[in-house]
Amino acid sequence: MLRLRAVPPTDALWADRATYPDRLVFHTPEWLRFVAECQRAEPILATVTDGGATVGHFTGLLTRRYGLRILGSPMAGWTTSYLGFNLREGVPRRAALEALLPFALGELGCAHLEIRDRGLTEPDLAGLDLHWDAAPTAVIDLTPDEDALFGAMASACRRNVRKAAKSGVVIEEAAPDVSFADEFYSQLRDVFAKQNLVPTYSVERVRSLIRHLAPAGRILLLRARDGDGRCIATAVLPWHHRTMYFWGGASYREHQHLRPNEALIWYALRWARARGVTEFDFVGGNSYKAKYGTGEVPVPWARRSRSPLVARLRDAAKQGYAFKQRVSGRLASSTP
């Protein structure tokens, strides 16, 4: 039987966690400091043990809502794709999840738990009194050569990459500073304004992400310039170990006919592949991503509450936030 035990973040612990093949950028100390700062949350690290031997690790963050303790691994809205477990080969994720439930809802005294683990599947969740949403993500296998990657894209996407180059669009790697965060956020506001919405986070979150990940070399920032040297599109791409993630991309609507977004993605794919990265994760499964030659990977987002009331509070808060975003977007679009 597996058990979870809370442990302090020692150097030895981080060194052991770094030996797991299923480690992600979201499990790193830099990422946890980013989330803790933006969400005012407390990182929770635990070892997964089997008969006294450590066979894995769990990562989450503890926060409070309505006076209740909530364990997110992660929570929606944290701009963090996955957390969950790192496990030795042969250790079943379902067994680890079973051990997490009494740890979170009992030992930690949490009223609500959410988890999205890159290796969990829907069969792993069955029979554990969990609710979950299907949350597939689109990924690209980067192990083929560049010609094969380019050929796997839809023909229209390949034409757009070529059009960007012919139109004078140039991709550059940006320095990790505040000015890039401001450029990205200005373009992001324009993206959301197209749908009469506002961004779901502030520019300070982008600054925090860069501030925490850049010193460790865990983030690629790209800028697309037009033939006149103007910045017309940007991309924020955390990466670590085997995977790069499309955390955010934005562009000004008036320049989208130059196709800078396709050029940014094509540059990122080649950059990541050259550094031994084997997977590009678009962090979601929107239909427009299929043009890049993606495959879909199901990654359920599961949750469990100690009582139906807590579950209803969670759903009401989610709906209330969506309503607030729509109202804010309409107000912003009507402001001269």
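Before any of the text, the structure's been laid out above.
Read on for a plain summary of the structure. (Residues numbered from 1 in each chain as written. Predicted model: local features only at pLDDT ≥ 70, side-chain atom pairs only at ≥ 80, totals over all residues. Heavy atoms only, no water.)

1. Considerations on the pattern of salt bridges
Under the counting rule described, the total for this entry stands at 18 salt bridges. R303 is the salt-bridge partner of D133, the closest N and O atoms lying 3.1 Å from each other. Here D133 is found in strand β7 (residues 131–133), whereas its partner R303 is found in strand β16 (residues 301–305), with 170 residues between them in sequence. A salt bridge links R230 to D228, with the nearest nitrogen and oxygen atoms 3.4 Å apart. Among the residues examined, R230 registers a relative accessible area of 44% and is labelled partly exposed. Each of the salt bridges in this network shares a partner with another, and the network as a whole consists of E37, D182, E204, R207 and R211. (Salt bridge = Lys/Arg side-chain N within 4 Å of Asp/Glu carboxyl O. Helix = DSSP H or I, 4+ residues; strand = E, 2+ residues; numbered from the N terminus. Buried < 20%, exposed > 50% of the residue type's maximum accessible area, 1.4 Å probe, protein only.)

2. Some thoughts on the environment of H240
Note that H240 resides in strand β11 (residues 231–240). On a C-alpha basis, the gap between H240 and R218 in space is 6.0 Å, while along the polypeptide they are 22 residues apart. Apart from residues lying up to four places away in sequence, H240 is in contact with R23, L24, V25, T28 and R218. (Contact = heavy atoms within 4.5 Å.)

3. A closer look at the pairing of strand β2 (residues 42–50)
Across five bridges, the pairing between strand β1 (residues 2–6) and β2 is antiparallel. Looking at the pairing, L2 lines up with D50 of β2. With nine bridges connecting them, β2 and strand β3 (residues 53–65) associate as antiparallel partners. Each residue of the ladder has a partner; that of T47, found in β3, is H57. Once β2 ends, the chain turns through two residues before running back antiparallel as β3, passing G51 with a positive phi of about 65°. (Pairing = 2+ DSSP bridges.)

4. Re the side chain of S208
Here S208 is to be found in helix α8 (residues 203–213). According to the relative accessible area criterion, S208 is buried, its value standing at 0%. Ignoring anything within four residues of it in the chain, the contact list for S208 reads F34, E37 and C38.

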